[in-house]
Amino acid sequence: MIEIIDPERCTACNICVTACPTNVFDKTEGLPVIARQADCQTCFLCELYCPEDALFVSPFAEQPQGIDVVAARQSGLLGSYRRAVGWTKDSEHLREADRSFRLFGQ
Amino acid sequence: MVAIRPRAERRNDSNGGVSFDADVLVLGGGPAGTWAAISAAERGARVVLADKGFCGTSGATAPSGTGVWYVDPAPAQREAAMASREAAGGYLQSRHWMARVLDETYAQSNRLAEWGYPYPAGDDGQPRRNSLQGPEYMRLMRKRTKSAGVTILDHSPALELLVDDSGAVAGASGVRRQHEDSWTVRAGAVVVATGGCAFLSKTLGSNGLTGDGYLMAAEAGAEFSGMEFSNAYAISAAFGSVTKTLFFGWATFTYEDGSVVPGAASKGGRKAIARALLHGPVYAQLDKADEQVRATMRASQPNFFLPYDRTGIDPFTERFPITLRLEGTIRGTGGLRITDDSCATTVPGLFAAGDAATRELICGGFTGGGSHNAAWAISSGSFAGRGAADYALQTRRAPATSVRRAGTAGLQAAPRRALDPAQLARAVQDEAYPYETNYFRNAERLTASLGRLDRLWREVTEADAAAWPDLIRTREGAAMLATARWMYRSALARTESRGMHWREDHPQLDARQRHYVTSGGLDEVWTEPRPHDEGALVEAAE
Ligand SMILES: Cc1cc2nc3c(=O)[nH]c(=O)nc-3n(C[C@H](O)[C@H](O)[C@H](O)COP(=O)(O)OP(=O)(O)OC[C@H]3O[C@@H](n4cnc5c(N)ncnc54)[C@H](O)[C@@H]3O)c2cc1C
Ligand code: SF4
Ligand code: SF4
């Protein structure tokens, strides 16, 4: 489930509010908030769309884990998925790294 | 040259919401919906696409990615591809449909390459087009849908269809959940591409996939086919959502004590896993993958590894608890019945595509590791979009003056209290999830479950209309409930085992039942056998 909006990184662009398919975030006067955590489908897509790597989705689909911002920052996981799919400037070459065809039919 | 495309016209709405006049309205913005919208726009239609979530991230494909049934058109390869899955699917496929889906998928995948999808190349330098990364693919599809001139309504779940005096579908209406108001689109044709129904099981990307399109279509009189093929279950880490199953082909499955679960396998041994899970935890470890395979897996599907990397588990060297999550009709094959090559349903003006439509035509009663689903979404979306556009442009009449709202459950005022949508969803899940009822089927348990589901349906129809903010959830609950009833009624009617449908009390395939099971109805659910083209010949010859 979505756990964190890092207030230091977030620029309140509200992309996550629009891009989250299950409408988990709400706009506010300032930074968006996680308004309906229980509706989160643990799809990790908000992380891909956040240009500031300010979001962290825990892999636990059923229970909130209460992860804190500092721990998330220290883990090095913020933005890790976006880099892995090639959606950052320095990882663009990974967009065509899919070699699934080698694994089909094995 | 930049083509100027006609756009849907926005009208003022007296109720404060938004209204549009369009030729084609597409419900759902996954692969099937976006291909339908683009294909309709390419025919010159004015198109609106409404998605419950955000077109580009919502639906089953966006977070996952799919293998695609992309086959070289050389006759020998074609023939092998068509023949390869006939037995697993229970011989319910149609050669005519398999051939045209292979053609369409091949052509449209090649267009994806022209549009800039970053397909990889093999060692021979040739492109490989049989796998799509979900986020990348659906981001591109959104972009192409917009540039085709389609008006996209995000966060705008459809709640009900509009029907004219003749019974033809004339649009739909729903709510804009981020504005807390309503939308209405009057259209000459509607494409239902709302995906399958996974009963909110947390299978990847499925929280919006509650069978809404089935319910709306049934309220207008549409029929289903193959709803007994609706018991797909997918493997994931017990705590996680990533139900990608390909890599579990390299796994060993063990009990708590470390001994191997006999017969357990991702392919062809998933029931053994379900049986073991009834008695206690089951663990997996991808220990059969060698170094090279491991590296390929990591590079190819980064999302598979999120649950493990983020909990510090090395899935190759450590075992972890797994579960099976119900995917219902997402990797099942049942859905709205299609009556011709344009993906028309039995209701005039209503077309169906993707998981919302039956996929029996190309894969019978089984999809397994997929690729047929993705091919079906691409091609049925394209067929339905063109079909809907041609229908709407040919029959373009003055917008019907009197249209009726077709919605029933959860939308009609009644003297009883409205239902609690969370309770409703749980009550349906209690019937749809259990392996004992849905995976290992028998007449006794199906009948008992149907008794409870039918009672629940009466309660739903007798309850008061839901109000904001419960409205969407109530319609979702009603749709899941209706879906479960078509599923189990159809499962009861097929007194044999075929495809993914497995009857404990009829464990063999019965050659005389090589037919389709049609179903439909809301207050009274009915089923009826329908001959398979070739099956009919066999039966006649006997
Ligand atoms: C983990 C996973 C892995 C898979 N892997 C493969 C694979 O390898 N190969 C393969 O072929 N298939 C695979 N599949 C299946 C494949 O993803 C689906 O067949 C495909 O997504 C179907 O496309 P669709 O457009 O019909 O539905 P979806 O992609 O599910 O899209 C449906 C859309 O309808 C919208 N919607 C729902 N209700 C409403 C409403 N009331 N109003 C408006 N919009 C609504 C949803 O928001 C969603 O955007 C996989 C599925 C999963 C879950
Ligand atoms: S997308 Fe990222 S930066 Fe933008 S509002 Fe959301 S969390 Fe903040
Ligand atoms: S993980 Fe998916 S559902 Fe959850 S907040 Fe992010 S985008 Fe929304």
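As the structure is a prediction and not an experimental result, all values here were calculated from the model.

Scoring rules and cut-offs
Residues numbered from 1 in each chain as written. Chains lettered and ligands numbered in written order. Predicted model: local features only at pLDDT ≥ 70, side-chain atom pairs only at ≥ 80, totals over all residues. Heavy atoms only, no water. Near = heavy atom within 4 Å. Polar contact = N/O pair within 3.5 Å; in protein donor to acceptor, adjacent residues only side chain to side chain. Areas by Shrake-Rupley, 256 points an atom, 1.4 Å probe, with all protein chains shown as cover. Helix = DSSP H or I, 4+ residues; strand = E, 2+ residues; numbered from the N terminus. Buried < 20%, exposed > 50% of the residue type's maximum accessible area, 1.4 Å probe, protein only. Contact = heavy atoms within 4.5 Å. 1 Å grid on protein atoms, 1.4 Å probe; cavity = no way out; pocket = protein on both sides within 12 Å on 5 of 7 lines; lining within 4 Å. Points joined across faces, edges and corners; volume = space filled by probe spheres on them. Nonpolar A, V, L, I, M, F, W, Y, C, P; charged D, E, K, R; others polar. Salt bridge = Lys/Arg side-chain N within 4 Å of Asp/Glu carboxyl O.

## Brief notes about the site of ligand 1
All names here are of chain B. The environment of ligand 1 is formed by 39 residues, the closest being Asp-51, Thr-61, Asp-355, Ser-371 and Ala-374. For ligand 1, an oxygen atom lies 2.9 Å from a polar atom in the side chain of Ser-58. One nitrogen or oxygen atom from the side chain of Asp-355 is found 2.7 Å from an oxygen atom belonging to ligand 1. Compared with its free state, where it exposes 1,000 Å², ligand 1 has 98% of that area covered by protein. Counting residues per element, the shell around ligand 1 draws most heavily on helix 11 (residues 372-394), which supplies 4 residues.

## Topic: the environment of Gln-508 of chain B
Residue and element names in this part refer to chain B. Along the chain, Gln-508 turns up in the loop between helix 15 (471-493) and strand 18 (515-520). With a relative accessible area of 59%, Gln-508 lands in the exposed category. For the pair Gln-508 and Phe-305, spaced 203 residues apart in the sequence, the C-alpha separation amounts to 38 Å. With near-sequence residues (within four places) excluded, Gln-508 lies in contact with Glu-496 and Ser-497.

## A word on the layout of surface pockets
Estimated volume of the second largest pocket: approximately 1,100 Å³. Taken together, 42 residues form the lining of the second largest pocket, with Thr-22, Ala-38 and Asp-39 of chain A together with Arg-473 and Glu-476 of chain B sitting closest to its centre. Its residues assigned to classes, the lining of the second largest pocket comprises 19 nonpolar, 9 polar and 14 charged.

## Observations concerning the pattern of salt bridges
Under the criterion given, the structure shown has 44 salt bridges over all chains. Here Arg-473 of chain B and Asp-39 of chain A are joined by a salt bridge, their closest N and O atoms 3.0 Å apart. Of this pair, Arg-473 of chain B sits in helix 15 while Asp-39 of chain A sits in the loop between strand 3 (33-34) and helix 2 (45-49), on two different chains. Taking the relative accessible area as the measure of exposure, Arg-473 of chain B reaches 35% and is therefore partly exposed.

## Describing unusual backbone geometry
A cis geometry characterises the amide bond from Trp-468 of chain B onward to Pro-469 of chain B, with omega recorded as 0°. Tracing the chain through its elements places Pro-469 of chain B in the loop between helix 14 (443-462) and helix 15. Located in the positive-phi region is Ala-12 of chain A, a residue other than glycine, with phi close to 60°. One can find Ala-12 of chain A in the loop between strand 1 (2-5) and helix 1 (15-19). Here Phe-44 of chain A, not a glycine, exhibits a phi torsion of approximately 70°, which is positive. With respect to the element layout, Phe-44 of chain A can be found in the loop between strand 3 and helix 2.

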